[in-house]
Amino acid sequence: GPTRLAVGVGLSLWETGVTPQSAVRTAGAWVGKGLFIDSYVSRRFPPQVPSKDLFAEYMYWSFQGDVSAENALAAILHPGAIAKEPLCDRIPGLSPDIPLSFVYGQTDWMDRKAAFQLVDSMEGRDVNIQVLDKCGHQLYIEQPLLFTEFLLKNTTKQSNPLHNQPVK
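Note that the structure is predicted; figures quoted are calculated from it, not measured.

Enquirer: Provide a residue-level description of the overall build of the chain, including the pertinent values.
Expert: When its secondary structure is counted, the chain shows eight helices and four strands. Ordering the α and β elements of the chain from the N terminus gives α-α-α-α-β-β-α-β-α-β-α-α. In terms of its C-alpha atoms, the chain occupies a principal-axis envelope of roughly 50 × 35 × 35 Å. Here the chain holds 168 residues, and 26% of them are scored as buried. By sequence separation, contacts in the chain at least 24 residues apart represent 60% of the contacts at least 6 residues apart. For the chain, the centre of its 15 positive side-chain charges and the centre of its 17 negative side-chain charges are spaced 2 Å apart.

Put into structure tokens, the structure is as follows:
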């Protein structure tokens, strides 16, 4: 039916490098912003997120610039945002001196079980897993102060011993 056709077209477009950002750019302001971005932002973010209209404007204009990191999406993700080379398979190979932090939203679509399983498999490793209240995947929008606090706590010199080591 129509759903199967739409999914097939979407998968084909993804594999050829079409991204949500390029679709918005191609569609122009009326369709790209009015139909895609505005409706996405109003559906995706809970009512407590302030200034949704300003965020939609920011999102639209950030998609209008030169193509950049968006090209990495098809290279690192399968359709549905499934990693081609999951971090849980690669992180155990990192130096144990590197502190690890994972942050998730309380209603994040990402499965945080993998992070907890990773911690269990790497006994003695310094790993911080934080779940922020009242937000989903877009932590920096839904809980900007909590997210900023998490970043500062986990990247400052006081909390990261690697900042005190000389660069080699």
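Enquirer: Residues and numbers for the nonpolar core, please.
Expert: Of all hydrophobic cores here, the largest spans 11 residues; its members are Val24, Ile37, Val41, Phe45, Val49, Phe55, Ala56, Met59, Tyr60, Phe63 and Ile141. Residue contributions to this core peak at four residues, all from helix α3 (residues 52-62). When residues no more than four places from it in sequence are discounted, the contact partners of Ala56 are Lys33, Ile37, Asp38 and Val41. Counting residues in each nonpolar core, the second largest holds nine residues, with Tyr104, Leu118, Met122 and Val127 among its members.

Enquirer: Break down the side chain of Gln21 for me, with residues and values.
Expert: By secondary structure assignment, the location of Gln21 is in helix α2 (residues 20-44). Gln21 gets classed as buried once you look at its relative accessible area, which sits at 17%. The contact partners of Gln21, leaving out residues within four places of it in the chain, are Phe63, Glu70 and Leu73.

Enquirer: Just give me the short version of the pairing of strand β4 (residues 127-132), but keep the residues and values in it.
Expert: Two elements, strand β3 (residues 100-105) and β4, share six bridges in a ladder whose sense is parallel. Looking at β4, one finds that Tyr104 is bridged to Val131. As for the winding sense of the linkage, the β-α-β connection from β3 through helix α6 (residues 113-121) to β4 is right-handed.

Enquirer: Hey, could you go over helix α8 (residues 144-155) for me, with residue numbers and the actual values?
Expert: The first and last C-alpha atoms of α8 sit 16 Å apart over 12 residues, in line with the 16 Å expected at 1.5 Å per residue. Three or more residues of α8 are buried, namely Phe147, Phe150 and Asn154. All buried residues of α8 lie within an arc of 60 degrees about the axis, which places them on one face of the element. Pointing more than 90 degrees away from the buried face of α8 are the exposed residues Leu145, Glu149, Leu152 and Lys153.

Enquirer: Quick rundown of the packing of aromatic side chains? Include the residues and the values.
Expert: Centre-to-centre distance and the angle between the planes together describe a pair of aromatic rings. Applying the stated rule across the entire model yields five aromatic pairs. Considering the side-chain rings of Phe55 and Tyr58, the 6.2 Å spacing of their centres and the 35 degrees angle between planes classify their relative orientation as tilted. Placement of the pair is Phe55 and Tyr58 together in helix α3, with a separation of three residues, close to one helical turn. Accessibility expressed as a relative area gives 57% for Tyr58, which makes it exposed. Here the aromatic cluster, defined as three or more aromatic residues joined through ring pairs, consists of Tyr40, Phe45, Phe55 and Tyr58.

Enquirer: Could you give an account of the pattern of salt bridges, naming the residues involved and the relevant values?
Expert: Scanning the model with the defined rule gives five salt bridges in all. With a closest N to O distance of 2.8 Å, Glu70 and Arg25 form a salt bridge. Note that Glu70 is positioned in the loop between α3 and α4 (72-76) and Arg25 in helix α2, a separation of 45 residues in sequence. Of the charged contacts in the structure, one is a salt bridge between Arg44 and Glu142, with a shortest N-O distance of 3.4 Å. Taken together, the residues Arg44 in helix α2 and Glu142 in helix α7 (residues 139-142) connect sequence positions 98 residues apart. Overall, the relative accessible area of 7% leaves Glu142 in the buried class.

Quick notes on the rules
Residues numbered from 1 in each chain as written. Predicted model: local features only at pLDDT ≥ 70, side-chain atom pairs only at ≥ 80, totals over all residues. Heavy atoms only, no water. Helix = DSSP H or I, 4+ residues; strand = E, 2+ residues; numbered from the N terminus. Buried < 20%, exposed > 50% of the residue type's maximum accessible area, 1.4 Å probe, protein only. Contact = heavy atoms within 4.5 Å. Lys, Arg positive; Asp, Glu negative; His and termini not counted. Charge placed at Lys NZ, Arg CZ, Asp CG, Glu CD. Core = buried A, V, L, I, M, F, W, Y, C linked by side-chain atoms within 4.5 Å. Pairing = 2+ DSSP bridges. Right-handed = clockwise from strand over helix to strand, strands pointing away. Expected span 1.5 Å × (residues − 1). Arc of directions from axis to C-beta. Phe/Tyr/Trp six-rings, centres within 6.5 Å; stacked < 30°, edge-to-face > 60°. Salt bridge = Lys/Arg side-chain N within 4 Å of Asp/Glu carboxyl O.

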